[in-house]
Amino acid sequence: HQSYGLLQNRADCFAGQATTPEGGLLTRISPSWPFNSRPLETQALVVAAPELARPLIQLAAELRQVVRQPGVICHSDLHPNQFIWRGGRLAALLDFGDAAIAPPAWDQASLAFFHGWDVAELVSHAAAQHLGRGSALFGLLLALHRASRAAEHAQTKRLEQAVRFARCCLNRL
């Protein structure tokens, strides 16, 4: 594969739409802190849970760096409706319309957000990948994104879910 972010529609290779890892992230999720110029205090996650500001500020450099981990092809949206189960076994994984070239931590964090850290740990182990600090850091980026989307659509329960997930990610660090 080459480049970063959402995949281009090409027959010859897997290629992302962006030339930088940060640009790749922004092809897939709404630009949020620390990748935009808006102050952290105006981000929906911190508006909903102001106590998150201080730990996020302390992690700013690591959050910018986590997107620079080596990229793989990620699904990037592993919510429950993406899976078809038959007889207790995974029969299909659906909807690769948001597939992107990004660090594996993206899919690990996506699994954790939608299914819990235990499931993310099991899947990572099965894939011979380590579920480490990068996964929790990427989880914070997803929490910022999910909170922003929830606030835009006045979805209180989803905003609360993003806040809970951010707290879980911070506890893992």
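For the structure, see preceding data.
Parameters and conventions
- Residues numbered from 1 in each chain as written.
- Predicted model: local features only at pLDDT ≥ 70, side-chain atom pairs only at ≥ 80, totals over all residues.
- Heavy atoms only, no water.
- Helix = DSSP H or I, 4+ residues; strand = E, 2+ residues; numbered from the N terminus.
- Buried < 20%, exposed > 50% of the residue type's maximum accessible area, 1.4 Å probe, protein only.
- Contact = heavy atoms within 4.5 Å.
- Patch = residues over 30% accessible without salt bridge, like charges linked within 9 Å, V, L, I, M, F, W, Y side chains within 5 Å.
- Areas by Shrake-Rupley, 256 points an atom, 1.4 Å probe, with all protein chains shown as cover.
- Salt bridge = Lys/Arg side-chain N within 4 Å of Asp/Glu carboxyl O.
- Pairing = 2+ DSSP bridges.
- Phe/Tyr/Trp six-rings, centres within 6.5 Å; stacked < 30°, edge-to-face > 60°.

Draft legend 1. Region of the structure containing the environment of alanine 147. Among the secondary structure elements, alanine 147 is positioned in helix α7 (residues 133-152). The class for alanine 147 is buried, based on a relative accessible area of 0%. Considered as a pair, alanine 147 and leucine 170 are 23 residues apart in the sequence and their alpha carbons are 16 Å apart. Each residue touching alanine 147, except ones within four places of it in the same chain, is listed here: Ala44, Leu45, Leu159 and Ala162.

Draft legend 2. Local environment of a nonpolar patch on the surface. Judged by side-chain polarity, Val119, Leu122 and Val123 come together as a nonpolar surface patch covering roughly 250 Å² of accessible area. By the element assignment, valine 123 lies in helix α6 (residues 117-126). Judged by its relative accessible area of 39%, valine 123 falls in the partly exposed class.

Draft legend 3. Seen up close, the pairing of strand β4 (residues 83-86). Examined bridge by bridge, β4 and strand β5 (residues 89-93) share 4 bridges and lie antiparallel to one another. For isoleucine 84, the partnering residue across the bridge sits in β5 and is alanine 92.

Draft legend 4. Summary view of the packing of aromatic side chains. Applying the stated criterion across every chain yields a total of 5 aromatic pairs. Consider the rings of phenylalanine 113 and phenylalanine 114, whose centres lie 4.9 Å apart with planes at 85°: the pair is edge-to-face. The interplanar angle of 10° and the centroid separation of 5.8 Å between the aromatic rings of tryptophan 117 and phenylalanine 165 together place this pair among those described as stacked. On the criterion of sequence distance, the pair formed by tryptophan 117 in helix α6 and phenylalanine 165 in helix α8 (residues 156-172) is long-range, its members being 48 residues apart. With respect to burial, tryptophan 117 and phenylalanine 165 carry one shared label: buried.

Draft legend 5. Structural view of the pattern of salt bridges. By the definition in use, this model includes 5 salt bridges. Residues glutamate 51 and arginine 167 are paired through a salt bridge, measuring 2.5 Å at the closest nitrogen-oxygen approach. On the criterion of sequence distance, the pair formed by glutamate 51 in the loop between α2 (44-48) and α3 (53-58) and arginine 167 in helix α8 is long-range, its members being 116 residues apart. The class for arginine 167 is partly exposed, based on a relative accessible area of 37%. With its nearest N and O atoms 2.7 Å apart, the salt bridge here joins glutamate 62 to arginine 133.

Draft legend 6. How the structure looks around the pairing of strand β1 (residues 4-7). Bridge analysis of β1 against strand β2 (residues 16-18) gives 2 bridges, and the strand direction is antiparallel. Residue pairing for β2: leucine 7 is matched across the bridge by glycine 16. Bridge analysis of β1 against strand β6 (residues 100-102) gives 2 bridges, and the strand direction is antiparallel. Its bridge partner lying in β6, leucine 6 is registered against alanine 100.

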